[in-house]
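If you want the building blocks of each chain, they are given just below.
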Amino acid sequence: MQKTKKIKKSVRLAPHIKPKRYTLTLKPDLENFTFIGKEIIDINLDKDTITITLHSKDIDIGSAQVVQGKSGEYASKITYDEKAETAIFTFKKKIKKGNAKLEIAFKGIISESLRGFYRSRYEINGETKHLATTQFEATDARRAFPCFDEPAHKAIFDVSLIIPGSHTAISNTMPTSVKEHEGAYKVIEFASTPRMSTYLLAFIIGEFEYVEGWTKQKSGSAPAPVQIRVFTTKGKKHQAKFALDVAIKSIEFYNEYFDIPYPLPVLDLIAIPDFESGAMENWGAVTFRESALLVDNEKSSLSNKQWVAIVVAHELAHQWFGNLVTMEWWTDLWLNEGFASYMEYLCTDYIFPEWKVWGLYLSEKFAIALRLDALANSHPIEIHVNHPNEINEIFDSISYAKGSAIIRQLAGFLGHDTFRDGLRHYLKKHSYKNTKTVDLWDSFEKVSGKNVRQLMQNWTGKTGYPIVSIDTHKKGSKITQERFFSSRISSKNNKEKTLWQIPIQYESFNGKEKDNLHMLMTKKSSPLIGTSIGKVNIGESSFMRVRYDKITLTRLKIEIEKGQMSVHDRLGIIRDLFAMAEGGYISATDALDFSLSYKNETEYIIWSEIATGVNKIYNLIREENFENLYKKYSLSLFNPMAHMLGFKAKTGENNSQVFLRNLVLSQAAHYGDKEIIREAQKIFTDRKNNPIKSDIRSVVYGIVAKNGGEKEWKLFKELYESESLHEEKDRYGRALTLFKQGKLLSKTLSYALSKNVRSQDTPSMVSGVWQNSYGRDLTWKFIKNNWKIILKDYGHGGHFLSRLLAPLGSHTDKKDAIDAKKFFAKNSAPGSERTLEQSYERIYSNDAWVKADKMKIKKWLSNL
Ligand code: BES
Ligand code: ZN
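Rules and cut-offs
Residues numbered from 1 in each chain as written. Chains lettered and ligands numbered in written order. Predicted model: local features only at pLDDT ≥ 70, side-chain atom pairs only at ≥ 80, totals over all residues. Heavy atoms only, no water. Near = heavy atom within 4 Å. Polar contact = N/O pair within 3.5 Å; in protein donor to acceptor, adjacent residues only side chain to side chain. Areas by Shrake-Rupley, 256 points an atom, 1.4 Å probe, with all protein chains shown as cover. Helix = DSSP H or I, 4+ residues; strand = E, 2+ residues; numbered from the N terminus. Nonpolar A, V, L, I, M, F, W, Y, C, P; charged D, E, K, R; others polar. Pairing = 2+ DSSP bridges. Axes fitted to C-alpha atoms, helices over the stretch in contact; angles between N-to-C directions. Parallel < 35°, antiparallel > 145°, perpendicular 65-115°, else oblique. Left-handed = near helix turned anticlockwise from the far one by under 90°. Contact = heavy atoms within 4.5 Å. Phe/Tyr/Trp six-rings, centres within 6.5 Å; stacked < 30°, edge-to-face > 60°. Buried < 20%, exposed > 50% of the residue type's maximum accessible area, 1.4 Å probe, protein only. Lys NZ or Arg CZ within 6 Å of the ring centre and 35° of its normal. Expected span 1.5 Å × (residues − 1). Patch = residues over 30% accessible without salt bridge, like charges linked within 9 Å, V, L, I, M, F, W, Y side chains within 5 Å. Salt bridge = Lys/Arg side-chain N within 4 Å of Asp/Glu carboxyl O. Lys, Arg positive; Asp, Glu negative; His and termini not counted. Charge placed at Lys NZ, Arg CZ, Asp CG, Glu CD. pLDDT = per-residue confidence, 0-100.

Student: I'd like a description of the site of ligand 1, backed by residues and values.
Tutor: Taken together, 16 residues are adjacent to ligand 1, and Glu 137, Gly 278, Glu 281, Glu 315 and Tyr 400 come closest. Here Ser 277 contributes a side-chain N or O atom positioned 3.4 Å from an oxygen atom of ligand 1. Here ligand 1, which alone exposes 510 Å², has 90% of that area covered by the protein. Those elements that place two or more of their residues in the shell around ligand 1 are β19 (279-280), α2 (302-318) and α3 (333-351). Residue composition of the shell around ligand 1, by class: five nonpolar, six polar and five charged.

Take a look at the structure:
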């Protein structure tokens, strides 16, 4: 397993003390934002000891006492190790091997940091309200109560909350008793949780309303119906119905698919106005950012609706994959996130087959994985991590997207029924326990009889993925694998020679007869069967790219032009061509040339891929003297479709058409189509008489902002501030990042750090301006000038910084990489070290790419 470069001191707890049960009582003060707590932890000691070390961060511990049998003993000394985030209790007398009770009294702060026990602010009729909630994954339960905060230290939790009589409290389980308490408070005791990890505990206190429903009981047999409730702050429950419906269907699907019933009687989903990530899978009490849970019948777009379905399906998959069976340590985080990222599509596809979400999977998640893992500075799926900053850093697209891609590849290889049986075997065998990656492979081996460990070893153990090259000759064809790099510099410097075991499906011709053949490629080179070869990696089912020889590519091109190829395959071919152009395997003009064969294309996911490729090259040559020629070429691609679809939806459109409209209109406007710009402005001006349809709002706002000035900027800011539906607010916020005037973009950047923007939304606003080519240099300057503030507000771990810094990689001049390296040599960016390395690699790659291809592109454009 690869070690991270800076090996930090291990911060793991000693293994000889094991928690069994926490009896935890907390009393939050929602006016002063503090809490007091006490807990009894039932522990078991493997040997005598005089110190007990457990996790604790920013908590003030008043006392700690160990009780064994009848005798109690207070810790004579309580010290803290800030680096390790622990508290150490030292006792005068030895604590004996065996069972003991550890009683701790403590107090802490309900912070604004979006982690640990934190507060969220919202308004109702102009009145400011607060709620208190928790976010413990990965390592922040220790900010709410002293605990053994590692995923393998599973225990049972008995939670009691003392809260104002007017409030509601939600936790992982249902209340078993509610009693009055002094000062208009009440004490709510919750039922014992299943045996579980600390990071899955949750409590949420506030004034809520909810909608509810039940899963269907299959006739005659278990599982029993599960009560499902979706909570919102007051006045929003009408936006919770869609998520409720998806949640019910998801639980029904997983009950059946995993063949293990959801083990709790109730499942709650809660919308939280301030939330760092999209959602969190706390067992039985799943928390969400509002835009990932709420759907408004009038204002929500289809794409947001799909996002809600995907997020709900993702978090509910975790109820089995992650909560019931949990990784032993964060090294195997991908087991949670890669799997949930696969299941979210499987489940959504089951509920909404008409959405064809696997196409979206290929165009989004799969693409992200291919892009990130093409960098020398990517990392293996399984990676050694210690410190919380390192742990937070691996909640990235390798764990999520590459994880899901290799799972999908394996499912295809084993066959879907065998795959499902393997999962059932694994989940049943390890329920309420912890696992490593190989435990999953063992279950698949058991049900399939195939050597899955060996098959998967390099997919999880090594960085990167292969590109296979096809050489066809009269005497016989062959296929060769090597690691793919998106940077020509990285491929030149590469010394590693990983060989992957690659399941490959390909089209083989014998004369005119066509066959789909399977092979498992295990060597550097292998022969292919057939007189000639067609599409390789049919359905894009394996995680790789393909490089065809000229003859084969020409044949494929004809198939595409004639509309004879499946959509997933058409997508793969153009995507790989653009990627090869970036990596220097072919010239950019080869990819641009090939894009012209897609003129009759009608599928959104393919146009989206073409747009990505075309925009990337535009980013390189934007200030060259042939920029206008390039715009003309781009318009020739997007214009016909943009004018054909127009802004007005026709009845009965499928989601590809709905998304395609947004895409081609915004592309056409981006490359300067005046008619479309005018039309969008008209729709916007007329919005009071004719409300803009939800599905075209983002494209209309975007075009208006890109072509607007001060007046529009002010208007979007006002709309941003007065909007209560978060999804719509996000659209206005994005518009603020799209202006062309430096002065306005600078205002957006300052605004992003102001109190009018929730800190959860700051990174996307800043990175939005950074991704805007007119805002690029100015954002980088802004970041440098404001680094101290950014670090203070957003540098407390988590993903803020890395999300904020990712657009650095879109710079195209290596001077910028040198400048950034200098800056970050003096200024730390905790938890973003790898993101920075990736950005430098991207900049150097862009720089080399422009130099290599610029003149060729110019020549190609002038011959068009
Ligand atoms: N377990 C994560 C939430 C999380 C992320 C906790 C990072 C701690 C650090 C959750 O299951 C998740 O993956 N959420 C995704 C949504 C999903 C649909 C990709 C998210 O928040 O982006
Ligand atoms: Zn997840």
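Student: Could you give me a rundown of the sheet that holds strand β7 (residues 86-95), with the residues and numbers involved?
Tutor: Strands in a sheet are paired, the pairing made by backbone hydrogen bonds, and the direction either parallel or antiparallel. Taken together, the three strands give an open sheet; going across it, the order is β3-β7-β6, and neighbouring strands pair in antiparallel fashion. A strand with exactly one partner marks an edge of an open sheet, and here the two such strands are β3 (49-55) and β6 (77-81). Each neighbouring strand pair of the sheet contributes to a mean axis angle of 25 degrees, computed without reference to strand direction. Pairing analysis gives five bridges linking β6 to β7, with the strands arranged antiparallel. Within β7, the position partnered with Asp 81 by the bridge is Thr 86.

Student: Tell me about the packing of α3 against helix α6 (residues 397-414), and name the residues and values.
Tutor: Two quantities define a packed helix pair, namely the angle between the axes and the distance from one axis to the other. Here α3 crosses α6 at 70 degrees, and the two axes come no closer than 7 Å. As the angle between them shows, α3 and α6 are arranged roughly perpendicular. Crossing hand, α3 versus α6: right-handed. Facing α3, whose interface residues are Leu 333, Trp 334, Glu 337, Gly 338, Phe 339, Ser 341 and Tyr 342, α6 presents Ser 399, Tyr 400, Gly 403, Ser 404, Ile 406, Ile 407, Arg 408 and Ala 411. For the contact of α3 with α6, the residue count by class is eight nonpolar, five polar and two charged.

Student: How would you explain the packing of helix α14 (residues 604-621) against helix α16 (residues 655-670) if you had to name every residue and give the values?
Tutor: Two numbers describe how α14 lies on α16: the axes approach to 9 Å, and their chain directions differ by 20 degrees. Considering their axes alone, α14 and α16 lie roughly parallel with respect to each other. α16 is crossed by α14, and the crossing has left-handed handedness. Together, Tyr 604, Trp 607, Ser 608, Ala 611, Asn 615 and Tyr 618 of α14 and Ser 656, Phe 659, Leu 660, Leu 663, Gln 667 and His 670 of α16 make up the contact between the two elements.

Student: How would you explain the packing of aromatic side chains if you had to name every residue and give the values?
Tutor: By the definition in use, this model includes 60 aromatic pairs. When the ring of Phe 117 is compared with that of Phe 203, the centres are 5.3 Å apart and the planes differ by 90 degrees; the resulting orientation is edge-to-face. Of this pair, Phe 117 sits in strand β9 (residues 116-124) while Phe 203 sits in strand β15 (residues 203-206); the two residues are 86 residues apart in sequence, bridging distant segments of the chain. Across the pair, exposure class does not vary: Phe 117 and Phe 203 are buried alike. Seen from their ring centres, Phe 684 and Tyr 701 are 5.9 Å apart, and the 80 degrees between their planes marks the pair as edge-to-face. In this pair, Phe 684 is assigned in helix α17 (residues 674-685) and Tyr 701 in helix α18 (residues 697-706), connecting sequence segments 17 residues apart. Each member of the pair, Phe 684 as well as Tyr 701, is classed as buried. Here the basic side chain of Lys 27 rests over the ring of Tyr 185, its NZ or CZ set 4.6 Å away from the ring centre. Between the NZ or CZ atom of Arg 687 and the centre of the ring of Phe 684, over which it lies, the distance is 4.3 Å.

Student: Got a sec to walk through helix α12 (residues 567-583)? Specific residues and values, please.
Tutor: The α-helix advances 3.6 residues per turn, and as a result positions three or four apart in sequence lie on the same side. An ideal rise of 1.5 Å per residue puts 24 Å on 17 residues; α12 measures up with 25 Å between its terminal C-alpha atoms. Counting buried positions along α12 yields 15 of 17 residues, so the element is predominantly enclosed. Looking at the residues trailing α12, positive phi occurs at Gly 584, about 85 degrees.

Student: Can you tell me about unusual backbone geometry, naming the residues and giving the values?
Tutor: Of note, the bond from Glu 137 into Ala 138 is cis; its omega dihedral lies within 30 degrees of zero at 0 degrees. Along the polypeptide, Ala 138 turns up in the loop between β10 (127-135) and β11 (156-164). Residues other than glycine seldom take positive phi values, yet Phe 33 does so here, at roughly 55 degrees. Its location among the elements puts Phe 33 in the loop between β1 (17-29) and β2 (34-45). One non-glycine residue with positive phi stands out, namely Asp 259, at about 60 degrees. Tracing the sequence through the fold places Asp 259 in the loop between α1 (241-258) and β18 (266-272).

Student: Give me the lowdown on a positive patch on the surface, citing residues and values where you can.
Tutor: A cluster of basic side chains, namely Lys 20, Arg 195, Lys 429, Lys 433 and Lys 446, defines a positive patch on the protein surface. By secondary structure assignment, the location of Lys 446 is in helix α8 (residues 437-448). Residue Lys 446 is classed as exposed on the basis of its relative accessible area, which comes to 63%.

Student: Go over the pattern of salt bridges, please, and point to the residues and values.
Tutor: Note on pairing: side chains with opposite charge can pair once their charged atoms come close. Here the structure, examined in full by the defined rule, presents 51 salt bridges. In this structure, Lys 856 engages Asp 853 in a salt bridge whose closest nitrogen and oxygen atoms are separated by 3.5 Å. On the criterion of helical spacing, the pair formed by Lys 856 and Asp 853 is a turn pair, its members being three residues apart in helix α27 (residues 833-862). One network of salt bridges, in which partners are shared, links Asp 58, Arg 115, Asp 140, Arg 143 and Glu 276.

Student: Tell me about the pairing of β11, and please be specific about residues and values.
Tutor: Put simply, side chains in a regular strand alternate between the two faces of the sheet. β11 sits mainly inside the fold: eight of its nine residues count as buried. Across six bridges, β1 lies against β11 in parallel orientation. Across the sheet, residue Leu 26 finds its bridge partner in β11, namely Leu 161. Bridge analysis of β11 against strand β14 (residues 185-190) gives five bridges, and the strand direction is antiparallel.

Student: Run through the environment of Ala 240, naming residues and quoting values.
Tutor: With respect to the secondary-structure elements, Ala 240 resides in the loop between β17 (227-233) and α1. Separated by 87 residues in the primary sequence, Ala 240 and His 153 place their C-alpha atoms 35 Å from one another. Leave out the neighbours within four places in its chain, and Ala 240 touches Val 211, Val 230, Thr 232 and Leu 294.

Student: Residues and numbers for the pairing of strand β8 (residues 98-109), please.
Tutor: Here β2 pairs with β8 via twelve bridges, running antiparallel. Each bridged residue has a counterpart across the sheet, and for Ile 36 the counterpart in β8 is Lys 107.

Student: Give me the confidence of the model for the protein chain: which residues, what numbers.
Tutor: Reading fine detail from the predicted coordinates is not recommended where pLDDT is low. Averaged over every residue, the pLDDT of the protein chain is 95; the share at 70 or more is 98%. Below pLDDT 50 for its whole length, residues 2-7 participates in twelve contacts with residues either more than four positions away or in separate chains.

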